[in-house]
Structures are given as structure tokens and as C-alpha cells.
Amino acid sequence: MKKIYFICSLLAVLAVACKEKSNEEMREADQIDSQALANGQQVAEKDCPNEENLLWQGDTFASYTEDIMRGKGVISFTMEINDRLDFLNNDDSVFGEIVLNEDLTFFTLKMPQKVIARKVIPAYDFAAFDFDCEDIGTDPDYFIIYINKEKRKIKKDGLKYTFSTWEDYIKKQHIGLKSCNLIKDKEGAINQKSSNQAFVVSKINEDEIEITSDKNCLGEDVPFESVKGKVKWKSGNKLLINFALCN
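Residues numbered from 1 in each chain as written. Predicted model: local features only at pLDDT ≥ 70, side-chain atom pairs only at ≥ 80, totals over all residues. Heavy atoms only, no water.

Turning next to the pattern of salt bridges. Per the stated rule, a full pass over the model turns up 14 salt bridges. In this structure, Glu 52 engages Lys 149 in a salt bridge whose closest nitrogen and oxygen atoms are separated by 2.8 Å. Here Glu 52, found in strand β1 (residues 52-57), pairs with Lys 149, found in the loop between β10 (142-147) and β11 (150-155); they are 97 residues apart in sequence, far enough to count as distant. Given a relative accessible area of 32%, Glu 52 falls into the partly exposed group. When the shortest N-O distance is used, the salt bridge between Arg 70 and Glu 66 registers 2.7 Å. Accessibility assignment for this pair places Arg 70 and Glu 66 in one class, buried. (Salt bridge = Lys/Arg side-chain N within 4 Å of Asp/Glu carboxyl O. Helix = DSSP H or I, 4+ residues; strand = E, 2+ residues; numbered from the N terminus. Buried < 20%, exposed > 50% of the residue type's maximum accessible area, 1.4 Å probe, protein only.)

Looking at the protein as a whole, the pLDDT averages 85, with 81% of positions reaching at least 70. Note that pLDDT drops below 50 for residues 1-19; the model gives that stretch zero contacts with residues more than four away or on any other chain. (pLDDT = per-residue confidence, 0-100. Contact = heavy atoms within 4.5 Å.)

Taken as a whole and judged by the stated rule, the model has eight aromatic pairs. Ring geometry for Trp 166 and Tyr 169: centres 6.3 Å apart, planes at 85°, overall edge-to-face. Of this pair, Trp 166 and Tyr 169 both sit in helix α2 (residues 166-172), three residues apart, which is roughly one turn of the helix. Tyr 169 matches Trp 166 in its accessibility class, with the two residues each being buried. (Phe/Tyr/Trp six-rings, centres within 6.5 Å; stacked < 30°, edge-to-face > 60°.)

Moving on, we get to the nonpolar core. The biggest cluster of nonpolar side chains holds 21 residues, and the ones touching the most others in it are Phe 77, Phe 87, Ile 98, Phe 129, Phe 131 and Ile 145. Elements with a minimum of two residues in this core: β3 (73-78), β4 (84-88), β5 (94-100), β9 (128-133) and β10. Apart from the residues lying within four places of it in its own chain, the contact partners of Phe 77 are Leu 85, Phe 129, Phe 131, Phe 143, Ile 154, Leu 159, Lys 160 and Tyr 161. In terms of nonpolar packing, the next biggest core, distinct from the first, is built from 19 residues, Val 74, Leu 177, Val 201 and Trp 233 among them. (Core = buried A, V, L, I, M, F, W, Y, C linked by side-chain atoms within 4.5 Å.)

In this section: the sheet that holds β1. One open sheet accounts for three strands, arranged β1-β2-β7; its pairing is mixed. The open sheet is flanked by β1 and β7 (114-116), the only strands paired with a single partner. Between one strand axis and the next, the sheet turns by 30° as a mean value, whatever way the strands run. (Pairing = 2+ DSSP bridges. Axes fitted to C-alpha atoms, helices over the stretch in contact; angles between N-to-C directions.)

What follows covers the pairing of strand β15 (residues 208-213). Residues Ile 209, Ile 211 and Ser 213 of β15 are buried on one face, while the alternating residues Glu 208, Glu 210 and Thr 212, pointing to the opposite face, are not. For strand β14 (residues 198-205) and β15, the ladder comprises six bridges, and the chain directions are antiparallel. If you follow Val 200 over to β15, its bridge partner there is Thr 212. In this antiparallel pair of consecutive strands, β14 and β15, the connection spans two residues, and Glu 206 shows a positive phi of 60°. For β15 and strand β16 (residues 228-232), the ladder comprises five bridges, and the chain directions are antiparallel. Each bridged residue has a counterpart across the sheet, and for Thr 212 the counterpart in β16 is Lys 228.

Here it is, written out as C-alpha cells:
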């Protein structure tokens, strides 16, 4: 009987030891995965310098977008004939204005030669007027927006707009991946097929997004690749992805 009891006790000890070893191995694996993710994020942030990208160029001014996110989200204005956007500095002096003329052209002569905003395209077929923006309740009379990396304001009266948090905004956009932040497989190898593709965002988990390539936002000369995966979309207030322009 003692011999049987000794064998059972030994088996119990071995079972506990195996369980503890298994738990330890799982903890080590989790630490390795976390470290790999952290290293991947560090590489992406390190290799992705802040950029200003040209969006549109006309006779009087050019508009650029940037990687730094400002404010609580993005405000998008819709303009109809004779509508106007008057941009003011904080001291109420005029920064610029945009008017949609009756011939469906935009009057932009009073804008600076270089405009940096989220997305400004004063061409009727592709018109976009998106600006980084503070919460729309910040001021009772004005929207507080960002142009040329500084706060400006637009009077609220009569404007047609939608405000989106950053998370909601990227869900509405097609995105492109920077060469420094392409999709990787489980082993950490870069999937080169994810380069030059346009993606839709299916899920956001804090700084990470799940994306799927979409053929509806590609130029005629770019072959479509069916790709899906996860990437980090931001680090703090810095974007690690681009917003794609669809024709």
C-alpha cells in the first residue's frame, strides 16, 4: 500500500511540475511575441519619417497633407454653388477663403501658395475639404481647425459638414501603406504584395488595424493583389499609413 501511495504522490508531483513548466513556456512565448511586436513597431516608427505629400496643385496654390494628426478628429465640408469657406486666424484676421463659383470652379486666389491640411482638393469632380479639428463643441461660434500646422477657425453659420473621430475617419477612407510599414507574415517577413495597393479598414484595435486590399481604388496601371493583414496605423499623434486618393 505504501508503495502504491508513493507512486501516486510521485505522479502528482510530476504533473504539477509539467503544468508549471508549460505555464512558464507559455509566458515566455507571450513575452517573445510581445517583444517581437514591440520591435516591429519600433522599426516602423524609426523608419517612417514625418512627411508632407502633395495632394493637388493649381495656378494659385498647392495643397499638401502631413503625417501629424492634430485635434480630436477630422471635419469634412461639403460645398454647393456660391458656398464659401472663410478661414480666420485666432486674432480674427483673414487667413484665406474658398468659394464655389456658378461655373463649378473654385475661387482660391486668397489662399496662401502652400496649404497643409488633411485633404484639400478644389477640383469639382474630386472636391475634398477635410481638416484636422478640435471637438466641434470647443467653441460655440467657430470650428477650430488646423491649416499649415496652426489653429485657425471657421464660423459655423450655414456650413454643411460632418465631424469624425480619427478612428471613424480612417474607416471611411481607402488607405495606402508606407514602404516602412508594410504587412508582415507570422515570421516577420514583409509581404511585398501589400505595396502599392489600396485597402479598406475592417477593424481597429487601438493602434492596430486589420485591412483588406480593394480593387476599386487602384490606378489602371497598378495590378490588383488580394492581400489582408494587420499593421500599426499610428504612434501617438503620428500616422504610419497614407490616405489613398481614389478617382
